[in-house]
Amino acid sequence: MKILFCASEVVPFAKTGGLADVAGALPLALEKEAQEVVLVMPAYKSLKSLTQPKIQKYKEGILRCTIGKAVKVYFIENDAYYNRDTLYGDKKGDYPDNLDRFSYYCRKTLELAKEIGFKPDIVHCHDWQSALIPVFLKTVYLKDEFFKNTKTVFTIHNIGYQGLFPKEEYPKLGLDWKYFTMDTLEFYDKINILKGGLVFSDIITTVSPTYSREIQTKEFGFGLEGILSKRRQSLFGILNGLDYSIWNPETDTFLEKDYSLGSIEDKGKNKAALQRLCGLPVKKDVPLFGIVSRLAQQKGFDILADAMEALMQLELQCVILGTGDLKYHEILEAVVKKYPKKISLYLKFDDCLAHKIYAGSDIFLMPSKYEPCGLGQLISLRYGTIPLAFKTGGLADTVTKENGFVFEKYSKDALIKIIKKSIVSFQNNAQWNRLRARAMKSDFSWGESARRYVDLYKNGTISD
Ligand code: ADP
């Protein structure tokens, strides 16, 4: 089948989070399942510093390269929109012209498909930035012969980000006002782009089975639970996979020393190197907790911030890599100032350091309040770094007592309690080795999930 894959960030071209990992890996996994995939994304500034793969000009306003065997990636150029240091916003918040930026991307993507004669059987869109594509297909392009047999699949990677804009911007979309209703794009008198994607797509998916159920409830649906439960026959949860060609401690070029389960003692060399790098005392017997995350309440930083003082009284070390809410930057900076020998903080996005933290830590903290799928826990499992997670969404589907630590009440006290439990377990060598072996053996590769997507593309449902 011909799949037009539309995402606003894709590894290795641009990344702010898990969407980019998925959009970089799933097309390659689909190619292995004999699907023909064309990917389209904006041409961000980050492309300029990329040496591989080689990106070339395709025509005015369009760049192109190939990944995998023959997956063509097209980049929509518009320097005024995309030639910026960051993808969606800066310190002041979201870019004020985000509606212009991403409606442009959506329009151009459909025009490009026609120009290159790629008649998709499926257009697979991801998150609000590409959600106008299914909207345009079912409105502006409804009678267009070219897309006559095209079906749309829309994947929610995080329903907390919906693309909300003042209704005064609606004319920019070029859509009739009849689509600005409670049943279409309107949401409490604003434009809700994600909602448009959910209403106009043929199939909706999200990135774990548990999250697909959660988003149909008031607690997790961010106001869209009604639409989602109405469309539950067309809503499917498919767990994200992990690209083990990138995330593999046996071949990871960012590490001090590569390792596997068979040479697990070499993981200790990565721990010592990480401790040195972070200015923490090099101690084998003190558990090192790692965090690689957006610094947002969603990721559990509210209870973590409250727990910090108590945690700093325990025999542990902690290294945190992340950016996000200024509030958490400040709280964590204050903790580091007080306990510089126990906690180390990097307020930036740094892929190389992320790899070092996944490898060098003993325990990976992921107390997310909600988590559509989560990749951090999958990466840490492969690196023998035991995940400690709140039982929600994709974390509930992947972290168990068999391979990690799970807490079930979202509170500071429950978090402290499970961290204490993990420390006791860490101190029991035999128990820890067994836990780590089970973690490293868990398999979250893309194959099975890619086959589920193909099933959906072909049959509109998943057969098992
Ligand atoms: P998100 O909700 O942010 O998408 P995921 O767990 O699905 O969360 O994916 C996050 C991805 O981004 C992982 O690959 C993680 O390693 C990476 N990541 C998050 N923050 C940083 C950072 N500050 N530096 C480097 N990588 C990061």
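Scroll up for the structure.
The written sequence of each chain sets the order in which its residues are numbered from 1. Restriction of local features to residues with pLDDT of at least 70 applies here, the model being predicted, together with a cutoff of 80 or more for giving and counting side-chain atom pairs; totals for whole chains, interfaces and linings are based on all residues. Only hydrogens and water are set aside when side-chain values are computed; all heavy atoms of the structure are taken into account.

**With respect to the site of the ligand**
Only heavy atoms are used to decide nearness, and a residue is near a molecule or strand if one of them lies within 4 Å of it. Neighbouring the ligand are 21 residues; Lys-15, Gly-18, Arg-294, Lys-348 and Tyr-358 lie closest to it. N or O atoms within 3.5 Å of each other form a polar contact, as long as, within protein, one can give a hydrogen and the other can take it, and as long as residues adjacent in sequence are counted only when both atoms are side-chain atoms. Between an oxygen atom of the ligand and a main-chain N or O atom of Leu-375, the distance comes to 2.9 Å. Between the ligand and Gly-376 there is a distance of 3.5 Å, counted from an oxygen atom to a backbone nitrogen or oxygen. For accessible areas, the Shrake-Rupley method is used with a probe of radius 1.4 Å. Any residue's cover is judged against the shown protein chains and nothing else. The fraction of the free accessible surface of the ligand (560 Å²) that becomes covered by protein chains is 92%. To qualify as a helix, a DSSP run of H or I must reach at least 4 residues; to qualify as a strand, a run of E must reach at least 2; elements of each kind are numbered from the N terminus. Sorting the residues of the shell around the ligand by element identifies helix H1 (18-32), strand E15 (288-295), strand E16 (317-324), helix H11 (351-360) and helix H12 (376-382) as the ones contributing at least two each. Split by residue class, the shell around the ligand holds 8 nonpolar, 6 polar and 7 charged. Here the shell around the ligand spans two domains, since at least three of its residues come from each of domain 1 (2-241 + 446-459) and domain 2 (261-441). As a working rule, the residues Ala, Val, Leu, Ile, Met, Phe, Trp, Tyr, Cys and Pro are called nonpolar, Asp, Glu, Lys and Arg charged, and the rest polar, with Gly in that last group. Reported domain spans reflect what an automatic or database domain assignment gives.

**A word on the packing of aromatic side chains**
In this scheme Phe, Tyr and Trp rings, the latter by its six-membered ring, pair at centre separations within 6.5 Å, and the angle between planes marks the pair as stacked below 30 degrees, edge-to-face above 60, and tilted otherwise. Here the structure, examined in full by the defined rule, presents 26 aromatic pairs. On the basis of an interplanar angle of 5° and a centroid distance of 6.3 Å, the ring pair of Tyr-211 and Tyr-370 is categorised as stacked. You can see Tyr-211 sitting in helix H6 (residues 209-214) and its partner Tyr-370 sitting in the loop between strand E18 (363-366) and H12, a full 159 residues away along the chain. Each member of the pair, Tyr-211 as well as Tyr-370, carries the same accessibility label: buried. Among the aromatic residues, those joined into a ring-pair cluster are Tyr-44, Tyr-81, Tyr-82 and Tyr-104. The rule for a charge over a ring is simple: NZ of Lys or CZ of Arg within 6 Å of the ring centre, and within 35 degrees of the ring normal. Above the ring of Tyr-244, the side-chain terminus of Arg-382 is found at 3.8 Å from the ring centroid. Accessible area is worked out with a 1.4 Å probe on protein chains only. A residue is then buried under 20% of its type maximum, exposed over 50%, and partly exposed in between.

**Things to note about the pairing of strand E9 (residues 151-156)**
Across the 6 residues that make up E9, a large majority, 5, are buried. By definition, two strands form a pair when at least two bridges between them are found by DSSP. Pairing geometry for strand E8 (residues 122-126) and E9, over 5 bridges, is parallel. Residue pairing for E9: Ile-122 is matched across the bridge by Lys-151. If you view a crossover with the strands going away from you and the path from the first strand over the helix to the second runs clockwise, you call it right-handed. Between the parallel pair E8 and E9, the chain is carried across by helix H4 (residues 132-138), and the sense of this crossover is right-handed. The sheet contact formed by E9 and strand E13 (residues 203-206) spans 4 bridges and is parallel. If you follow Thr-155 over to E13, its bridge partner there is Thr-205.

**Brief notes about helix H9 (residues 301-311)**
Across the 11 residues that make up H9, a large majority, 8, are buried. Every buried residue of H9 is listed here: Phe-301, Asp-302, Ile-303, Leu-304, Ala-305, Ala-307, Met-308 and Leu-311.

**What to know about the pattern of salt bridges**
The salt bridge definition used is simple: a Lys or Arg side-chain nitrogen within 4 Å of an Asp or Glu carboxyl oxygen. Tallied over the entire structure, the rule returns 24 salt bridges. Close ionic contact of Glu-145 with Lys-148 constitutes a salt bridge, the shortest N to O distance being 3.6 Å. Exposure class is identical for Glu-145 and Lys-148. Each is exposed. The partner of Asp-189 in a salt bridge is Lys-167, with the nearest N and O atoms 3.0 Å apart. Taken together, the positions of Asp-189 in the loop between strand E11 (186-187) and strand E12 (190-192) and Lys-167 in the loop between strand E10 (164-166) and E11 put the pair 22 residues apart, joining distant regions of the chain. You can call Asp-189 partly exposed: its relative accessible area is 42%. The structure contains a network of salt bridges with shared partners spanning Glu-33, Glu-448, Arg-451 and Arg-452.

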